[in-house]
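# Coordinate analysis (summary)
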Amino acid sequence: MSSGYRDWILGSSTEGRELRVRAFAPQGRAAEILHVPGPASWPWLLFLGGVHGDELEGVWLMEEIEHAWSKSYLAAGLGALVWSSVNPDGISRPQRANARGIDLNRNLPTRDWTAEVKNPRYFPGTQAGSEPENQALTRIIDVCKPMAILSAHSFSKVQVNINGPSREWGERLSALCGYPVTEDIGYPTPGCLGTYAGAERGIPTITLEIERGLPKERVLEMHLPLIQASLDYWRLLEKRNLRL
Ligand SMILES: [Zn+2]
């Protein structure tokens, strides 16, 4: 077997569903992977799906990746964390928000976080970082310090939205899927991952907005190559850094 992974349970959602991340060790390093989230001697990439529970396109993509890598994960020197259902309560309905009606991508503890509700669709909660899903997300970012993060959403305005130093990576993905690279999604998004990880922590972060309503087979056909390209891109960059 060329895959070594562990499932890390980061807690549970409001309704008691597991918050489960699958951690894939670099090729040949399976024995070194910890049973609980913790620092590793290799860099991690973090892949997220289903932050918004009604954006199943991203869940399908990450579930497929998880399935494929569980059979064979071939990156040397680079681990991957796949969290395909960040918002399992929302996915179960399906609805955008979590079980408490909070938009997880407006609830992260960013400097620009605000409790102000401009539109109930984007309800940020009454306190930043209040939600179990986001506490798990900030924990995994703190503990594993991913070198890059890709979160798959879906939207009518398709785009590769970049935050932090991710222009070159974004352009690679854009060349593969034909979506434009954007730095601004078109409206303010306080408490979002791009700000939390990208702008405030300097972690290259891509919010991939897949075409809403695209059939599952097209989502996989179009977007699986982007995930593989991301792995290849960061693996090469890491190799280059090691040589410096
Ligand atoms: Zn979304």
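Here's a quick rundown of the structure. Every chain is numbered on its own, with residues counted from 1 as its sequence reads. Confidence filtering applies because this is a predicted model: local features only for residues at pLDDT of at least 70, side-chain atom pairs given and counted only at 80 or more, and all residues used for totals across whole chains, interfaces and linings. Neither water nor hydrogens contribute to the side-chain values; these are computed over all heavy atoms in the structure.

### Re the side chain of Thr195
For clarity, the cut-off: Counting from the N terminus, the helices are DSSP H or I runs at least four residues long and the strands are E runs at least two residues long. In this description, contact between two residues means that some pair of their heavy atoms is separated by no more than 4.5 Å.
With respect to the secondary-structure elements, Thr195 resides in helix H5 (residues 193-201). Contact partners of Thr195, with chain neighbours within four places excluded, come to Thr110, Asp112, Asn163, Thr189 and Glu200.

### Quick word on the pairing of strand E3 (residues 44-49)
Cut-off, in case you're wondering: Exposure classes here rest on a 1.4 Å probe applied to the protein chains alone. A residue is buried below 20% of its type maximum, exposed above 50%, and partly exposed in between. Strand pairing follows a simple DSSP-based rule, namely that at least 2 bridges must link the two strands. By convention, orient the strands away from the viewer: a clockwise path from the first strand over the helix to the second makes the crossover right-handed.
With six of its six residues buried, E3 lies for the most part within the structure. Where E3 and strand E4 (residues 79-83) come together, five bridges link them in parallel fashion. From the neighbouring strand, Leu48 faces E4, where its bridge partner is Trp83. Handedness of the β-α-β unit built from E3, helix H1 (residues 56-71) and E4 comes out right-handed.

### Overview of the sheet that holds strand E1 (residues 5-12)
The condition is simple: To define axes, lines are fitted to C-alpha atoms, for helices over the stretch in contact only, and angles between the resulting N-to-C directions are given on a 0 to 180 degree scale.
The sheet built from eight strands is open, its strands ordered E1-E2-E4-E3-E5-E8-E6-E7 with mixed pairing. Two strands bound the open sheet, and with one partner strand each, they are E1 and strand E7 (181-182). In terms of strand pairing, strand E2 (residues 18-24) meets E4 through three bridges, oriented antiparallel. Bridged to Ala23 within E4 is Leu81. Across the sheet, helix H4 (residues 167-177) touches strand E5 (148-155), strand E6 (159-163), E7 and strand E8 (205-211), and the angle it forms with E6 is around 175 degrees.

### Considerations on the coordination of the zinc ion
For clarity, the threshold we go by: Only nitrogen, oxygen and sulfur atoms count as donors, using a 2.8 Å cut-off from the metal that widens to 3.2 Å for Na, K and Ca. Water is left out, so coordination shells may look unfilled. Under this scheme a four-donor centre is tetrahedral when all angles range from 85 to 135 degrees, a four-donor centre is square planar and a six-donor centre octahedral when opposite donors are above 155 degrees with the rest from 65 to 115, and any other centre is irregular.
The protein atoms that coordinate the zinc ion are His52 (ND1), Glu55 (OE), Glu55 (OE) and His153 (ND1), at distances spanning 2.0 to 2.5 Å. Seen from the zinc ion, its four donor atoms lie at angles of 55 to 149 degrees, and the figure they make is irregular. One chain supplies every donor to the zinc ion, and in sequence these donors are spaced H-x2-E-x97-H. With Glu55 in the loop between E3 and H1 and His153 in strand E5, the pair connects residues that are 98 residues apart, well separated along the chain. On the basis of relative accessibility, which here comes to 3%, the residue His153 falls in the buried class.

### Thoughts on unusual backbone geometry
A cis amide bond, omega -10 degrees, links Arg93 with the succeeding residue Pro94. Mapped onto the elements of the fold, Pro94 is located in the loop between helix H2 (88-92) and helix H3 (132-144). Here Lys145, not a glycine, exhibits a phi torsion of approximately 45 degrees, which is positive. Considering the arrangement of structural elements, one finds Lys145 in the loop between H3 and E5. Classification of Lys145 by relative accessible area gives exposed; the value is 61%.

### Description of the pattern of salt bridges
What counts, and what does not: Any carboxyl oxygen of Asp or Glu within 4 Å of a side-chain nitrogen of Lys or Arg constitutes a salt bridge here.
In this structure the tally under the stated criterion is 16 salt bridges. Residue Arg20 pairs with Asp7 through a salt bridge whose shortest N-O separation is 3.3 Å. With Arg20 in strand E2 and Asp7 in strand E1, this residue pair connects regions lying 13 residues apart in the sequence. Arg20 gets classed as partly exposed once you look at its relative accessible area, which sits at 23%. Across the pair Glu55 and Arg96 runs a salt bridge whose closest N-O atoms are separated by 3.5 Å. Placement of the pair is Glu55 in the loop between E3 and H1 and Arg96 in the loop between H2 and H3, with a sequence separation of 41 residues. For the residue pair Glu55 and Arg96, the accessibility class agrees, reading buried in each case. Put simply, Asp7, Arg20, Arg22 and Glu66 are held in one network by salt bridges that share partners.

### Some details on the nonpolar core
Using the following cut-off: Nonpolar core, defined: a set of buried Ala, Val, Leu, Ile, Met, Phe, Trp, Tyr and Cys residues in which side-chain atoms within 4.5 Å join the residues together.
Within the largest apolar cluster, 34 residues are counted, with the highest numbers of intra-cluster contacts made by Phe47, Trp69, Leu150, Leu208 and Trp234. Where this core is concerned, the elements lending two or more residues are E3, H1, E4, E5, E6, H4, E8 and helix H6 (216-243). In terms of residue count, H6 provides more of this core than any other element does, eight residues in total. With residues near it in sequence (within four places) discarded, Leu208 still touches Leu61, Leu150, Ser151, Ala152, His153, Gln159, Val160, Tyr179, His223 and Leu226. Core analysis: the next-biggest nonpolar cluster, separate from the first, contains 27 residues, Trp8, Ala23, Val51 and Ala197 among them.

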